[in-house]
Amino acid sequence: MKSNMFTVKRPFSTSHSSVDSKEMKKFQLLAHKWWDEEGEYAALHSMNDIRVPFIRDTLLSMSSNYHLGNPLSGIKILDVGCGGGLLSEPLGRLGASVTGIDPVEDNIRTADGHKSFDPVLAERIQYKSSSLEEIVEESMETFDVIVASEVVEHVADLEMFIKCCSQVLKPEGSLFITTINKTQLSYVLGIVVAEKIMGIVPEGTHEWEKFVPPEELEHLLESNGFSVRSVKGMLYNPLWGSWSWVQSTSLNYALHAVRAGARPRSHATDTLPQTDVQQRSATAGAAGTVPDSAV
């Protein structure tokens, strides 16, 4: 889906970038490994089993528009730090119009190459080698949803990043973030065990100092016009290679926030019985669980 937009400078200037050049170099070296489901990004592949339904079900519960088979049809999503397109593709299969951006050009080449195997995805997804600041400054395009999954712990300026998200997200639009908490446990398991001992991700992928406590992230969001709707703990089981939702946010967590709107607006599904929302999600589920290997 292509939008009719014109290019114009926004009344907002980014004096510096949230992109960390050291982080870019890390991901540059692994740009060809994104679609190896048993390789360095195996944990991100399996994370789709919970993050895709989380995004889908949350959006379904907020909207009265529902398209059988394509539940996210008509929704424009910006996938920030899209890498090789691991999250962009399942969102595109659900019917969304997805723009994936990443500052690493080789990541975009990998993502473009992989989506070309599926003509449907080729129509629904576009990729750009771009930073979030460039999207802010170059166009007046806005999005219904922004997704930043496993990204904020790699940015150079988190507050700048959040401000930019608010600039390109429509009023009452949704922001989804998954990231890692800054705790002693996250250092032991996320750095020592995951990187140095088990090699779940390459050593040096993360810097504990850049991990973000949910309280800090919530404060930044609320200071920039967002309302945090939910924060959920996530846990990775390296033995089974699977993710699950947990009560504790001491390791990984997912967050959903909504940008403040111009005026209050009620949604038809806000008063729907929970069984109705669950029925919608179950019907939509098949579209969101097509294995990546099938593409």
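Residues numbered from 1 in each chain as written. Predicted model: local features only at pLDDT ≥ 70, side-chain atom pairs only at ≥ 80, totals over all residues. Heavy atoms only, no water.

### What to know about the overall build of the chain
Next up, step 1: Scanning the chain from N- to C-terminus turns up 10 helices and eight strands.
Next up, step 2: Expressed as a percentage of the 295 residues in the chain, the buried residues total 50%.
Next up, step 3: A fraction of 75% describes how many contacts in the chain between residues 6 or more apart in sequence connect residues 24 or more apart.
Next up, step 4: Total accessible area computed for the chain in this model is approximately 13900 Å², and 53% of it derives from carbon and sulfur atoms. (Helix = DSSP H or I, 4+ residues; strand = E, 2+ residues; numbered from the N terminus. Buried < 20%, exposed > 50% of the residue type's maximum accessible area, 1.4 Å probe, protein only. Contact = heavy atoms within 4.5 Å. Areas by Shrake-Rupley, 256 points an atom, 1.4 Å probe, with all protein chains shown as cover.)

### Regarding the confidence of the model for the chain
Next up, step 1: For the chain, the mean per-residue pLDDT works out to 83, and 78% of the residues sit at or above 70.
Next up, step 2: Counting contacts from residues 1-14, a segment whose pLDDT is below 50, to residues more than four positions away or on other chains yields 35 contacts.
Next up, step 3: Every residue in residues 263-279 is under pLDDT 50, and counting partners more than four places away or in other chains gives 16 contacts. (pLDDT = per-residue confidence, 0-100.)

### Focus: the nonpolar core
Next up, step 1: Judged by nonpolar contacts, the single largest core of 34 residues is most densely connected at Leu72, Ile77, Leu91 and Val147.
Next up, step 2: Counting residues per element, the ones that place at least two in this core are helix 2 (42-62), helix 4 (105-115), strand 3 (125-129), strand 4 (143-149) and strand 6 (226-237).
Next up, step 3: No other element matches helix 2, which puts eight residues into this core.
Next up, step 4: When near neighbours in sequence (up to four residues on either side) are disregarded, Val147 contacts Ile55, Ile77, Leu78, Asp79, Val80, Leu87, Leu91 and Phe176.
Next up, step 5: Grouped together as the second largest cluster of nonpolar side chains are 31 residues, Ile135, Ile146, Cys164 and Val212 included. (Core = buried A, V, L, I, M, F, W, Y, C linked by side-chain atoms within 4.5 Å.)

### Things to note about the packing of helix 7 (residues 158-168) against helix 9 (residues 214-223)
Geometry of a packed helix pair, given as the angle between the helix axes and the separation of the axes.
Next up, step 1: Packing of helix 7 against helix 9 brings their axes to within 10 Å, and their N-to-C directions diverge by 45 degrees. Classed by the angle they form, the pair helix 7 and helix 9 counts as oblique. As helix 7 runs across helix 9, the sense of the crossing is right-handed. Across the interface between the two elements, Leu158, Glu159 and Ile162 of helix 7 pack against Glu216, Leu217, Leu220 and Leu221 of helix 9.
Next up, step 2: Of the residues belonging to the contact of helix 7 with helix 9, the class tally is five nonpolar, no polar and two charged. (Axes fitted to C-alpha atoms, helices over the stretch in contact; angles between N-to-C directions. Parallel < 35°, antiparallel > 145°, perpendicular 65-115°, else oblique. Left-handed = near helix turned anticlockwise from the far one by under 90°. Nonpolar A, V, L, I, M, F, W, Y, C, P; charged D, E, K, R; others polar.)

### Examining the pairing of strand 2 (residues 97-102)
Next up, step 1: Burial analysis of strand 2 places six of its six residues in the buried class, the great majority of the element.
Next up, step 2: Where strand 1 (residues 76-80) lies against strand 2, five bridges are found, and the strand directions are parallel. Within strand 2, the residue paired with Asp79 across the bridge is Gly100.
Next up, step 3: Here strand 2 pairs with strand 3 via five bridges, running parallel. Each residue of the ladder has a partner; that of Thr99, found in strand 3, is Gln126. (Pairing = 2+ DSSP bridges.)

### Some words on a nonpolar patch on the surface
Next up, step 1: On the surface, a cluster of nonpolar side chains totalling about 320 Å² of accessible area is made up of Leu185, Tyr187, Val188 and Leu189.
Next up, step 2: With respect to the helices and strands, Leu185 occurs in helix 8 (residues 184-197).
Next up, step 3: Assessed through its relative accessible area of 39%, Leu185 is described here as partly exposed. (Patch = residues over 30% accessible without salt bridge, like charges linked within 9 Å, V, L, I, M, F, W, Y side chains within 5 Å. Salt bridge = Lys/Arg side-chain N within 4 Å of Asp/Glu carboxyl O.)

### Notes on helix 4
Next up, step 1: Among the residues of helix 4, those classed as buried are Asn107, Ile108, Ala111, His114 and Lys115. Each buried residue of helix 4 lies within a common arc of 130 degrees when the element is viewed along its axis, so the set occupies one face. (Arc of directions from axis to C-beta.)

### Overview of the sheet that holds strand 4
The strands making up a sheet associate through backbone hydrogen bonding, with each pair oriented either parallel or antiparallel.
Next up, step 1: Pairing is mixed across the open sheet formed by eight strands, whose spatial order is 3-2-1-4-5-8-6-7. Strand pairing shows two members of the sheet lacking a second neighbour, strand 3 and strand 7 (242-246), which therefore form its edges. Across this sheet, the average inter-strand angle for adjacent strands is 20 degrees, counted without regard to direction.
Next up, step 2: Contacts between helix 9 and the sheet are confined to strand 5 (169-180), strand 6 and strand 8 (252-259), with strand 6 contributing the most and set at about 155 degrees to the helix.

### Description of helix 7
Next up, step 1: By the criterion of burial, helix 7 is predominantly enclosed, with eight of the 11 residues buried.
Next up, step 2: Taken residue by residue, helix 7 has Leu158, Met160, Phe161, Ile162, Cys164, Cys165, Ser166 and Val168 as its buried positions.
Next up, step 3: The opening residue of helix 7, the one whose side-chain oxygen lies 3.3 Å from the backbone nitrogen of Glu159, is Asp157. (Polar contact = N/O pair within 3.5 Å; in protein donor to acceptor, adjacent residues only side chain to side chain.)

### So, the pairing of strand 7
Next up, step 1: Pairing analysis gives five bridges linking strand 6 to strand 7, with the strands arranged antiparallel. Paired with Gly233 across the bridge in strand 7 is Val246.
Next up, step 2: Counted along the chain from strand 6 to the antiparallel partner strand 7, the turn is four residues long, and its residue Gly241 has a positive phi close to 65 degrees.

### Let's talk about the pattern of salt bridges
Next up, step 1: Overall, the coordinates contain seven salt bridges when judged by the stated rule.
Next up, step 2: Linking Arg56 and Asp57 is a salt bridge whose minimum nitrogen-to-oxygen distance equals 2.8 Å.
Next up, step 3: In this structure, the salt-bridge partner of Glu89 is Arg93, at a minimum N-O distance of 3.3 Å. Of the two residues, Glu89 and Arg93 are both situated in helix 3 (residues 88-93); the distance of four residues between them amounts to about one turn of the helix.
Next up, step 4: Residue classification places Glu89 among the buried residues on the basis of a relative accessible area of 0%.

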